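Residue strings, one per chain:
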Amino acid sequence: MPTPATTTSQDSTAYAQRLIVVRDKIVATCRQCGRESESVSLLAVSKTFPIEAVDAVAAAGQRAFGENYAQEGVEKAIARPELEWHFIGPLQSNKTRGVAEHFTWVHSIDRLKIAKRLSAQRPTGLPPLQVCVQVNIDGEATKSGCAPHEALALCQAIAALPQLQLRGLMAIPEATADQTTQRRHFAALRQLRDTINAADTGLKLDTLSMGMSDDLESAIAEGATIVRIGSAIFGPRTYTDTSAIVAN
Ligand SMILES: *Cc1c(COP(=O)(O)O)cnc(C)c1O
């Protein structure tokens, strides 16, 4: 009988295999809708998973990782500074400093106060923090994100901040298995981006951060440039109701 593999090596193989499946899905979807596969980048969302899981996915070639909770994310970013860290969760003003100092991107800015703090706290020796404005694209009352009609003014104000580089828009539409609904919400974010770029303000947003494990095909079909994939790479999380965690 062959010697059983250690748990660790079984885990790393599983992570590598799931990463390949996700990458293949991105490439296949791009091909179906006539997009270059290089136009979509993969953010591996490692929230709630230990640094060993990050290491296994990084060993399989993944460089960009997303985190939702400030303390957990900053700890991981400090532990693995060679990786590229993206903050994608709700951010309270007393938690901005660690994110400003250790992350490369923040996708979830929905008010100017947070943007100003991030800009002020971004060390001047580092490149500007790459940021997206989060938009509550489907008007779900409980969720974070600015209202669509507020997005242009918020983008203009953020673009004026010295240590931030405004890249685009992010959304987390309601989870639904209905692809028509998925695509309608993602299309709305793309159209909002196009409207902002067409306004006479000089803004040129190149990023649409949209699509998660269960709706990445719809997001890519509607123009996503960053998909944020957690469970399809890391496996199921032991808790999923991230909105319930207020004090991150
Ligand atoms: C958790 C999370 C993801 C990943 O979700 P999966 O369904 O596990 O792929 C993406 N974006 C945000 C903002 C998240 O909080």
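Because the structure is predicted, anything quoted here is derived from the model rather than measured.

(A) Broad picture of the site of the ligand. Taken together, Val45, Lys47, Asn68, Ile88, Ile172, Met212, Ser213, Arg228, Ile229, Gly230, Ser231 and Arg237 make up the full set of residues near the ligand. One nitrogen or oxygen atom from the main chain of Gly230 is found 2.8 Å from an oxygen atom belonging to the ligand. For the ligand, whose unbound accessible area comes to 390 Å², protein coverage reaches 93%. Taken together, the residues of the shell around the ligand break down into five nonpolar, four polar and three charged.

(B) Representation of the nonpolar core. Counting residues in each nonpolar core, the largest one holds 61 residues, and the members touching the most others are Leu118 and Leu169. Ignoring anything within four residues of it in the chain, the contact list for Leu169 reads Cys132, Val133, Val135, Cys155, Leu189, Leu192, Arg193, Ile196, Leu205, Thr207, Leu208 and Ser209.

(C) Expanded view of helix α5 (residues 112–121). Of the positions making up α5, those classed as buried are Ile114, Ala115, Leu118, Ser119 and Gln121. Those residues of α5 that are buried are in contact with α4 (96–102), β4 (105–109), β5 (129–134), α6 (151–159) and β6 (164–170).

(D) The arrangement of the side chain of Arg193 in detail. Counting through the fold element by element, Arg193 comes out in helix α7 (residues 179–198). Contact partners of Arg193, with chain neighbours within four places excluded, come to Leu169, Leu205 and Leu208.

(E) Focus on the packing of aromatic side chains. Throughout the structure, instances matching the rule amount to four aromatic pairs. For the ring pair Phe49 and Phe234, a centre distance of 5.2 Å and an interplane angle of 20 degrees mean the geometry is stacked. Of this pair, Phe49 sits in the loop between β1 (41–45) and α2 (51–59) while Phe234 sits in helix α9 (residues 231–234), and the two are 185 residues apart along the sequence. By way of ring pairs, the aromatic residues Tyr15, Phe49 and Phe234 are connected into one cluster.

(F) The environment of Glu38, seen in detail. Summarising the element assignment, Glu38 is placed in the loop between α1 (7–32) and β1. Since its relative accessible area comes to 63%, Glu38 is described here as exposed. For Glu38 and Lys204, which are 166 residues apart along the polypeptide, the C-alpha to C-alpha distance reads 20 Å. Polar contacts involving the side chain of Glu38 include one to the side chain of Ser37, which spans 3.5 Å.

(G) Representation of the confidence of the model for the chain. On average, the chain scores 92 in pLDDT, and the residues at 70 or more come to 91%. The low-confidence segment residues 1–7 (pLDDT under 50) makes one contact with residues lying over four places distant or belonging to another chain.

(H) Representation of the environment of Val74 within the structure. For Val74, the location among the structural elements is in helix α3 (residues 70–79). By relative accessible area, Val74 is classed as buried at 15%. Along the chain, Val74 and Leu161 lie 87 residues apart, while their C-alpha atoms are 23 Å from each other. Here Val74 is in contact with Gly98, Val99, His102 and Phe103, once residues within four sequence places are set aside.

(I) Examining the pairing of β5 more closely. In terms of burial, β5 is a largely internal element, six of the six residues being buried. The alternating pattern of β5 places Leu129, Val131 and Val133 and Gln130, Cys132 and Gln134 on opposite faces, both of which are buried. Taking the sense of rotation as the criterion, the β-α-β connection linking β4, α5 and β5 turns out right-handed. Two strands pair when backbone bridges link them, and β5 and β6 are joined in this way by six bridges, in the parallel orientation. Residue Leu129 lies in a different strand from β6, and its bridge partner there is Leu164.

(J) Layout of the side chain of Ser209. The topology assignment puts Ser209 in strand β7 (residues 207–209). Among the residues examined, Ser209 registers a relative accessible area of 0% and is labelled buried. A distance of 2.8 Å separates polar atoms of two side chains, one belonging to Ser209 and the other to His107. Once residues within four sequence positions are removed from consideration, Ser209 is found in contact with His107, Leu169, Met170, Ala171, Leu189, Ile226 and Arg228.

Here is what the cut-offs are and how they apply
Residues numbered from 1 in each chain as written. Predicted model: local features only at pLDDT ≥ 70, side-chain atom pairs only at ≥ 80, totals over all residues. Heavy atoms only, no water. Near = heavy atom within 4 Å. Polar contact = N/O pair within 3.5 Å; in protein donor to acceptor, adjacent residues only side chain to side chain. Areas by Shrake-Rupley, 256 points an atom, 1.4 Å probe, with all protein chains shown as cover. Nonpolar A, V, L, I, M, F, W, Y, C, P; charged D, E, K, R; others polar. Core = buried A, V, L, I, M, F, W, Y, C linked by side-chain atoms within 4.5 Å. Buried < 20%, exposed > 50% of the residue type's maximum accessible area, 1.4 Å probe, protein only. Contact = heavy atoms within 4.5 Å. Helix = DSSP H or I, 4+ residues; strand = E, 2+ residues; numbered from the N terminus. Phe/Tyr/Trp six-rings, centres within 6.5 Å; stacked < 30°, edge-to-face > 60°. pLDDT = per-residue confidence, 0-100. Right-handed = clockwise from strand over helix to strand, strands pointing away. Pairing = 2+ DSSP bridges.

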